Amino acid sequence: MTEASRPETTRLGYVGLGNIGGPMAVRLAESSPLTVFDVSPEPVAKLVEAGATAADSLADLATASDLVSLCVRDDAQVVEVVTGLLGHLAAGSTIVVHSTISPETAAAQAARCAERDIALLDAPISGGAAGAQQGRLAIMVGGDRAAYEAVKAALAPAGDMIVHAGPAAGDGTKMKLARNLLHFISFAATTEAARLAEAAGIDIAKLGRVVRHTDAITGGAGAIMLRDSTAPIEPDDFWFSVFTHVRDLGEKDLGLALNLADQLGVDLPMGRVARTDLAAGLGVPHTPLPTPAEGAS
């Protein structure tokens, strides 16, 4: 859509008003005209109370919208909704998919939309229902840079961190999957820490309070995501001393935790992998001792 033809106020549409989509839509309705659609009447009624307009069908929503956000359950529902919108959206419109789907599905739907001069961006979200209610979601957008720039302001009420993950539809999902890989591996590691603490007679609820307190200060696992590469760090690089310190401290503490686990008979498989792989993963592997030359005594 050219600047000359774009309405002064972008007309927003929202499909899928569940635990995250509903609060997101409420935030959007506070700043822009919003039309909503959901198969359940209750969340639609709540959005109408918040100032939105209810659509009777996807086709009606499409004709009333320049930018349509989707937050539905899975790939199949995304395809179904996109199919229902195509043919009714005007050329130059944009679809933004907030659902976490496969990158391949995002790319395929973007190709379908491009045939009708409609941009499709995949824009999965992180922050959960609480982040949606507070307007503090992270929104990771994959697709055409110009289309990304065009939707940022409209999406801003729902997310205080909107990033362009890459130039292809599906790149937002790839970033989300990497983020959630960390999230759920961390959860699995949390269960190991709880087992160790419990076996040692420590109150794991209090341990949880300590973890949440210190992670709020240090940033948790994300605190080491400071570089733009996973390659080994050269000794003259600024980050070498920083990550060497992290490595040495981590190996020491992991070693102590594993010794305690051995004494208590607690199996910590993820802890053992971390102790083995931490240095190389940080980019500061231990330099092996030189191999003695043949014939040296």
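Refer to the structure above for everything that follows.
Here goes a summary of the coordinates provided. (Residues numbered from 1 in each chain as written. Predicted model: local features only at pLDDT ≥ 70, side-chain atom pairs only at ≥ 80, totals over all residues. Heavy atoms only, no water.)

This paragraph deals with the nonpolar core. Core analysis: the largest hydrophobic core is formed by 29 residues, its most contacted members being Tyr 14, Leu 34, Val 36 and Ile 139. Broken down by secondary-structure element, the contributors of at least two residues to this core are strand S1 (12–15), helix H1 (21–29), strand S2 (34–37), helix H2 (41–49), strand S8 (137–142) and helix H7 (145–155). A total of five residues in this core trace back to one element, the largest contributor, which is H7. Look past the residues within four positions of Val 36 in its chain and what remains in contact with it is Tyr 14, Leu 17, Val 44, Leu 47, Ala 52, Thr 53, Ala 54, Ala 55 and Leu 61. (Core = buried A, V, L, I, M, F, W, Y, C linked by side-chain atoms within 4.5 Å. Buried < 20%, exposed > 50% of the residue type's maximum accessible area, 1.4 Å probe, protein only. Helix = DSSP H or I, 4+ residues; strand = E, 2+ residues; numbered from the N terminus. Contact = heavy atoms within 4.5 Å.)

Before going further, it helps to examine unusual backbone geometry. In terms of backbone geometry, most residues other than glycine have negative phi values and most peptide bonds are trans. Of note, Asp 117 is a non-glycine position whose phi angle comes to about 60°, a positive value. With respect to the helices and strands, Asp 117 occurs in the loop between helix H5 (103–114) and strand S6 (119–122). Taking the relative accessible area as the measure of exposure, Asp 117 reaches 52% and is therefore exposed.

The next subject is helix H10 (residues 238–264). Compared with an ideal rise of 1.5 Å per residue, which puts 27 residues at 39 Å, H10 spans 40 Å between its outermost C-alpha atoms and is within 8% of the ideal. Phe 243, Thr 244, Arg 247, Gly 250, Glu 251, Gly 255, Leu 258 and Ala 261 are the residues of H10 that are buried. Between the side-chain oxygen of the N-cap and the backbone nitrogen of Trp 239 there are 2.7 Å, and the N-cap of H10 in question is Asp 237. Following H10 by one or two positions, Gly 265 adopts a phi angle in the positive range, close to 75°. (Expected span 1.5 Å × (residues − 1). Polar contact = N/O pair within 3.5 Å; in protein donor to acceptor, adjacent residues only side chain to side chain.)

Turning next to the pattern of salt bridges. Taken as a whole, this structure holds nine salt bridges when the rule is applied. The partner of Arg 275 in a salt bridge is Glu 251, with the nearest N and O atoms 3.8 Å apart. Separated by 24 residues along the polypeptide, Arg 275 in helix H11 (residues 269–282) and Glu 251 in helix H10 bring together distant segments of the chain. Look at Glu 251 and you get buried, because its relative accessible area is 11%. (Salt bridge = Lys/Arg side-chain N within 4 Å of Asp/Glu carboxyl O.)

For the rest of this paragraph, the subject is the packing of aromatic side chains. Two descriptors summarise a pair of aromatic rings, namely the distance from one centre to the other and the angle between the planes of the rings. With the rule as written, the count across this model stands at three aromatic pairs. Geometrically, the ring pair formed by Phe 184 and Phe 187 is edge-to-face, given 5.6 Å between the ring centres and 90° between the ring planes. Of this pair, Phe 184 and Phe 187 both sit in helix H8 (residues 171–199), three residues apart, roughly one helical turn. The exposure class of Phe 184 is partly exposed, given its relative accessible area of 49%. (Phe/Tyr/Trp six-rings, centres within 6.5 Å; stacked < 30°, edge-to-face > 60°.)

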